[in-house]
2 protein chains.
Amino acid sequence: MIDGPYLLFLGDAPDALAAKVAQGIRDWRPEASVGQFRMAGCAADMGLPDMTLAEAAAAGARTLVVGVANRGGVISPAWIEVLRAAMEHGLDLASGLHNLLRDEPELMATAMATGRGLHDVRVPETRYPIANGRRRRGRRCLAVGTDCSVGKMYTALAMDREMRGRGMKSTFRATGQTGILITGGGVPLDAVVADFMAGSIEWLTPDNDPDHWDLIEGQGSLFHASYSGVTLALIHGGQPDALILCHEPTRTHMRGLPDYPPPSLEALRDLALATARIVNPEVRVAGISINTAGLAAAEAEDYLASIEQLMGLPTVDPFRTGAGRLVDALT
Amino acid sequence: MIDGPYLLFLGDAPDALAAKVAQGIRDWRPEASVGQFRMAGCAADMGLPDMTLAEAAAAGARTLVVGVANRGGVISPAWIEVLRAAMEHGLDLASGLHNLLRDEPELMATAMATGRGLHDVRVPETRYPIANGRRRRGRRCLAVGTDCSVGKMYTALAMDREMRGRGMKSTFRATGQTGILITGGGVPLDAVVADFMAGSIEWLTPDNDPDHWDLIEGQGSLFHASYSGVTLALIHGGQPDALILCHEPTRTHMRGLPDYPPPSLEALRDLALATARIVNPEVRVAGISINTAGLAAAEAEDYLASIEQLMGLPTVDPFRTGAGRLVDALT
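Model, not experiment: these values are computed from the prediction.

1. Section: the interface of chain A and chain B
In this assembly, 35 residues from chain A lie in contact with 35 residues from chain B. Interface area for chain A against chain B, summed over the two sides, is near 2,600 Å², with a carbon-plus-sulfur share of 62%. Three residues, A:Asp195, A:Tyr260 and A:Ile278, lead the burial of chain A against chain B; their summed loss comes to 20% of the area buried on that side. Where chain A meets chain B, there are zero salt bridges. On inspection of chain A and its partner chain B, the count reaches 10 residue pairs in polar contact (both at pLDDT 80 or more).

In structure tokens form, the structure reads like this:
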């Protein structure tokens, strides 16, 4: 686990998109951060107080989270200087960058000297068990997609927020880098060794109260040739009671696979149920989440209604309509 | 790749079963080994010439292959002495042990001093790509099982041998430790990082002649909660044209999962086809391979006939009946 609260490091982000990890933390865990740290030229703004490292430490920040993508795959000398100083002010560092903090000799040396932690959330920090397939107490909901990057994390976070707003017991379970930085913990599933994938998800979603819901962040797609094995491990390790089907209607081919058209929602429903029933015969599809960002408002409304009729399931865009109907469908 | 020919190290194997890796190499690649090395107390015998290290080196051996399981997870001092001496006689070492050769300081020091190689086949030695899903030339056959350890490797090896005996172009593609030691190369799929599983299998089964068959070693089972993700990555990376269904009829529950009954062959057929069609719409089930070791001869014959009638597919036990009918069914 990454200790909070955070100071969000926005670096010299050239635009808001470069700081999308910080934006995710800001949107979904507004209480998690005491402030933001921006360098000269930073064009992103989370609307948090700008703080020096000393101010952040005084305000109680425990970890500086790198909330910005680095340019060209290099952690610049200007960043290194700030990151080292943060450790000297008593903060740990956390990052989801492809370039690992631990591979930077200056950061490693400062971490050793100051005793601060370096959390590279792309790398598993836990020795996971082999999955045992035993049924666990508590309830679990998993978002599965027709493709990668169709809104699975957003859907699970929106459902978790809705459930907590209603006073229900729920936990968002992160399985990717951004989700881990948002919540402070989770499993970086794409970096887990094959034999331990399903076991890592059992570990992430343990026995719980009978009325507690884990909202598990989905990964990949059963229909994505590059990552389908990760998705199936997530289904079998997660033992979902409920599935939410996620889809992006304007996509013309699977992400990164120009020869592969996306599957229909019916095909996703059928294959997801067939695989999930192996570990939980009671599993059902509870609802559908559509990312309609590519459609105009009227088009989106028509599309949601047509899918709802076609599939006979509550169909929402959690960004436009909220996730309330998906939560209703769980209970 | 591991250089041949081999000297098979049987150590102090307490019984034949402890030397099953050596037995696999002896059975499937009899030409691969110049001899065997046995220590005091060894109860296994591959029927190969017993050789000293000097004799093996003189006979052309390039690699000593550890063909025996170590007791209690410890590479004993007596073994270490032989393994070091082998390197001093010019041999590389190859092992599929859980304890890695490279983790033994004395072996590492000798390897550095002599310039010999240490092949721990449980650890990937290659940086695999992300799968791209593109169709490749050549044909591919994958064995899929109702469970782990039902004869998938045996089936693929038997088919490869049959095809080569007929003068067909074929290659057995190893995806596990024993298969890699038998053939000298392959992908230790269970140790590959999640994101690269399917890509490692694309790498293993590249473009080939249109009439060449890859016989891909299966792993796990789509129905095995612990390892199903590995199996799906193998199906999607392997792009099989033909599937062979593998089954062991006396098994009462999934291996290691007492709560899970094995699926029917019909269920395996349906789910394997549904997933394999995502990457190759032309894929078909060509035949069925049953491990009838737990049945008497007459029972086995009846069982094979009943499955053949039920499923409408050529059904064999390659150990009892040969793999000829499976090969017939491919062409």
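What follows picks up the thread again.
2. Notes on the nonpolar core
Judged by nonpolar contacts, the single largest core of 84 residues is most densely connected at A:Met197, A:Leu243, B:Met197 and B:Leu243. Excluding anything up to four places from it in sequence, A:Leu243 contacts A:Leu142, A:Val144, A:Ala272, A:Leu273, A:Ala276, A:Val283, A:Arg284, A:Val285, A:Ala286 and A:Gly287.

3. As for the sheet that holds strand 6 (residues 139–145) of chain B
Residue and element names in this part refer to chain B. Taken in spatial order, the six strands line up as 7-8-6-9-10-11 in an open sheet, and their pairing is parallel. On the outer flanks of this sheet lie strand 7 (169–173) and strand 11 (315–316), each paired with one strand and no other. Two elements, strand 6 and strand 8 (residues 212–216), share four bridges in a ladder whose sense is parallel. Each bridged residue has a counterpart across the sheet, and for Leu142 the counterpart in strand 8 is Ile216. Packed onto the sheet, helix 8 (residues 228–238) meets strand 6 and strand 8 and runs at close to 165° relative to strand 6. Sheet strands in contact with helix 9 (residues 265–276) are strand 6, strand 9 (242–247) and strand 10 (284–290), and its direction is about 150° off that of strand 9.

4. Remarks on the domain arrangement of chain A
All names here are of chain A. Domain parsing of chain A yields domain 1 (6–120) and domain 2 (139–329). On the domain 2 side, the residues contacting the 13 residues of domain 1 number 13 residues. Where domain 1 packs against domain 2, one counts one salt bridge. Arg29 is the partner of Asp160 in a salt bridge, and the nearest nitrogen-oxygen pair spans 3.5 Å.

5. Focus: the environment of A:Ala44
Residues and elements named next belong to chain A. Mapped onto the secondary structure, Ala44 falls in the loop between strand 2 (33–38) and helix 2 (53–58). Considering only alpha carbons, one finds Ala44 and Ala19, 25 residues apart in sequence, at a separation of 6.6 Å. Sequence-distant contacts of Ala44, defined by excluding residues within four places in its chain, comprise Leu10, Ala13, Asp15, Ala16, Ala19 and Arg38.

6. A word on the pairing of strand 8 (residues 212–216) of chain A
Residue and element names in this part refer to chain A. Where burial is concerned, most of strand 8 is hidden: five out of the five residues are buried. Burial of strand 8 is two-sided: the residues His212, Asp214 and Ile216 facing one way and the residues Trp213 and Leu215 facing the other way are all buried. As paired strands, strand 7 (residues 169–173) and strand 8 are joined by five bridges and run parallel to one another. Its bridge partner being in strand 8, Thr171 is matched across the sheet by Asp214.

7. Digging into the relation of the copies chain A and chain B
Superposing chain A onto chain B takes a rotation of 180° plus a shift of 0.0 Å along the axis, which leaves an RMSD of 0.0 Å. In the structure described here, the two chain copies are related by an operation that fits a two-fold rotation axis. When the interface residues of chain A are mapped onto chain B, 100% of them again lie at the interface, so the same face is used by both copies.

8. Looking at unusual backbone geometry
Residues and elements named next belong to chain A. Here the residue pair Gly4 and Pro5 is connected by a cis peptide bond, since its omega of -5° sits within 30 degrees of zero. Considering the arrangement of structural elements, one finds Pro5 in the segment before strand 1 (6–11). With phi around 55°, Ser149 is a residue other than glycine that occupies positive phi space. The class for Ser149 is partly exposed, based on a relative accessible area of 43%. Backbone geometry at Gln239 places phi at a positive 45°, although glycine is not the residue there. Mapped onto the elements, Gln239 comes out in the loop between helix 8 (228–238) and strand 9 (242–247).

The rules behind the values
Residues numbered from 1 in each chain as written. Chains lettered and ligands numbered in written order. Predicted model: local features only at pLDDT ≥ 70, side-chain atom pairs only at ≥ 80, totals over all residues. Heavy atoms only, no water. Contact = heavy atoms within 4.5 Å. Buried area = accessible area lost by both parts, 1.4 Å probe. Salt bridge = Lys/Arg side-chain N within 4 Å of Asp/Glu carboxyl O. Polar contact = N/O pair within 3.5 Å; in protein donor to acceptor, adjacent residues only side chain to side chain. Core = buried A, V, L, I, M, F, W, Y, C linked by side-chain atoms within 4.5 Å. Buried < 20%, exposed > 50% of the residue type's maximum accessible area, 1.4 Å probe, protein only. Pairing = 2+ DSSP bridges. Helix = DSSP H or I, 4+ residues; strand = E, 2+ residues; numbered from the N terminus. Axes fitted to C-alpha atoms, helices over the stretch in contact; angles between N-to-C directions. Domains from an automatic or database assignment. Least-squares fit on C-alpha atoms with pLDDT ≥ 70 in both.

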